[in-house]
Amino acid sequence: MQTKMNKTTALIHIVLIIGSLLMVVPFLWMVLTSGKTISESTQIPPQIFPEVFQIENYKAVWNSLPFVSFYINTGLMIVFRVLTSTIFSAMAAFAVAKLDFPGKNLFFGIVLTQMMIPSQIYLTPQYLLVQNLGLLNSIPALVIPGIVSAFGTFLLRQFFIKLPDELMEAATIDGASIWQVFFRIYMPLARSGLVALGIFTSLFAFKDLMWPLVVNMSQDKMTLSAGLASLQGQFTTNYPQLMAGSVIAIIPMIILYIIFQKQFIEGIATTGGK
């Protein structure tokens, strides 16, 4: 029996190692390609390692694009999207999970339906909204689509619904208002869910390419993803510089992951509630 369990454990570890390698290979290929010459990056069959690592690719791409502005714009977008999405999604989730009001199930059904619709469908109405507000080529334009999240509402509802209703009943008897119950009791108890939502929102915002490209045309208002897209030409692309720019772009996220690794793992592990 013990031997069978050891074989099963070994097989699981082998599968996990293979899966990890498959996820790491694209990152390693990006780093290696960033140090190649153009001819080496387009060579067939592919050349894995550059003969001499071309650090000039990093210098060229750094000098050709305003990365400082890209970092600031991306950081502001992530911070405001995390704050607004977490607060408003928590409000909606708490209402659906703990309050009784007419049309509650219909409202939550609409939220679930929105999760099933491709986000590209909302591009035109969102763009018209931002245009009518006079916010094109601005940081608020980057934030508006992420102010509230259907995914966040669904995720936090799962946390709130698992918390006992007696907490709200006891607080109400003691004279607490609904806002006090929400902010002082339920929000702290759903901290792991809020962390998970913040992590997911940060990742979604960092990877968002379509919306920043559509709403901001000025280079000094672009995010990292939109700025890197400008390195890809219509007919030819300098792949080493594109990969060098990608490496520069992901450095802040790697640093943040190293700093908040514990919170990241706890947030993912506790998704869905205890």
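- Looking at an unreviewed UniProt entry, one finds the protein named ABC transmembrane type-1 domain-containing protein and attributed to Trichococcus shcherbakoviae.
- In its Subcellular location (unreviewed entry) section, the UniProt record describing the protein reads: "Cell membrane".
- Turning to the protein, the UniProt annotation filed under Sequence similarities (unreviewed entry) states: "Belongs to the binding-protein-dependent transport system permease family."

**Describing the UniProt feature "transmembrane region" (unreviewed entry) in the protein**
- The feature "transmembrane region" (unreviewed entry), as given by UniProt, occupies residues 12-32, 70-94, 106-123, 135-156 and 242-260 in the numbering adopted here.
- With 100% helix and 0% strand, the stretch residues 12-32 has end C-alpha atoms that lie 30 Å from each other.
- In residues 106-123, helix accounts for 67% and strand for 0%; the two terminal C-alpha atoms are 25 Å from one another.

**Describing the packing of aromatic side chains**
- Within the structure shown, the criterion is met by 15 aromatic pairs.
- Summarising the aromatic geometry, the rings of F151 and F200 are spaced 5.5 Å apart at their centres and angled 90 degrees between planes, so their arrangement reads as edge-to-face. Separated by 49 residues along the polypeptide, F151 in helix α8 (residues 150-162) and F200 in helix α11 (residues 191-207) bring together distant segments of the chain.
- Here the aromatic cluster, defined as three or more aromatic residues joined through ring pairs, consists of F94, F160, W179, F182, F183 and Y186.
- Above the face of the W29 ring, K36 is positioned so that its terminal group lies 4.1 Å from the ring centre.

**Details of unusual backbone geometry**
- Of the consecutive residues I44 and P45, the connecting peptide bond is found in the cis state with omega at 0 degrees.
- Inspection of the secondary structure puts P45 in the loop between α2 (38-41) and α3 (56-64).
- A positive phi angle is found at N137, which is not glycine, with a value near 55 degrees.
- Summarising the element assignment, N137 is placed in the loop between α6 (123-132) and α7 (139-143).
- A relative accessible area of 26% means that N137 is categorised as partly exposed.

**Structural notes on the nonpolar core**
- V61 and F67 are the most contacted members of the largest nonpolar core, which totals 31 residues.
- Of all elements in the fold, only α3, α4 (67-98), α6, α7, α11, α12 (210-215), α13 (224-229) and α14 (239-259) reach the threshold of two or more residues within this core.
- A total of 8 residues in this core trace back to one element, the largest contributor, which is α14.
- Beyond its immediate sequence surroundings of up to four residues, F67 is in contact with V61, W62, L224, L228, G245 and I248.
- If you look at the next biggest cluster of nonpolar residues, it comprises 20 residues, including A97, L155, M168 and V181.

**Focus on the packing of α4 against α8**
- Orientation of α4 relative to α8, taken along the N-to-C sense of each, is 50 degrees, at an axis distance of 8 Å. Comparing their axes, α8 and α4 come out oblique. Note on packing geometry: the crossing formed by α4 with α8 is right-handed. Contacts from T86, S89, A90, A92, A93, F94, V96, A97 and K98 of α4 reach α8 at G152, T153, L156, R157, F160 and I161.
- Residues of the contact of α4 with α8, tallied by class, amount to 9 nonpolar, 4 polar and 2 charged.

**Some thoughts on the confidence of the model for the protein**
- Taken residue by residue, the protein gives an average pLDDT of 83. The fraction at 70 or more is 92%.
- Here helix α15 (residues 261-269) stands out as the element of the protein with the lowest mean pLDDT, 65, in contrast to α4, whose mean of 90 is the highest.

**Re α14**
- Given a rise of 1.5 Å per residue, 21 residues ought to cover 30 Å, and the 31 Å separating the end C-alpha atoms of α14 matches this to within 8%.
- Bending of α14 peaks at approximately 35 degrees at the position of I250, with proline P252 no more than four residues after it.
- Burial in α14 covers these residues: P240, L242, M243, A244, G245, S246, V247, I248, A249, I250 and M253.
- One side-chain oxygen at the N-terminal end of α14 lies 3.2 Å from the backbone nitrogen of Q241; it belongs to N238.

Calculation criteria
- Residues numbered from 1 in each chain as written.
- Predicted model: local features only at pLDDT ≥ 70, side-chain atom pairs only at ≥ 80, totals over all residues.
- Heavy atoms only, no water.
- UniProt positions renumbered as here; feature names shortened; annotations may be inferred.
- Helix = DSSP H or I, 4+ residues; strand = E, 2+ residues; numbered from the N terminus.
- Phe/Tyr/Trp six-rings, centres within 6.5 Å; stacked < 30°, edge-to-face > 60°.
- Lys NZ or Arg CZ within 6 Å of the ring centre and 35° of its normal.
- Buried < 20%, exposed > 50% of the residue type's maximum accessible area, 1.4 Å probe, protein only.
- Core = buried A, V, L, I, M, F, W, Y, C linked by side-chain atoms within 4.5 Å.
- Contact = heavy atoms within 4.5 Å.
- Axes fitted to C-alpha atoms, helices over the stretch in contact; angles between N-to-C directions.
- Parallel < 35°, antiparallel > 145°, perpendicular 65-115°, else oblique.
- Left-handed = near helix turned anticlockwise from the far one by under 90°.
- Nonpolar A, V, L, I, M, F, W, Y, C, P; charged D, E, K, R; others polar.
- pLDDT = per-residue confidence, 0-100.
- Expected span 1.5 Å × (residues − 1).
- Bend = angle between axes of the 7 residues up to and from the residue.
- Polar contact = N/O pair within 3.5 Å; in protein donor to acceptor, adjacent residues only side chain to side chain.

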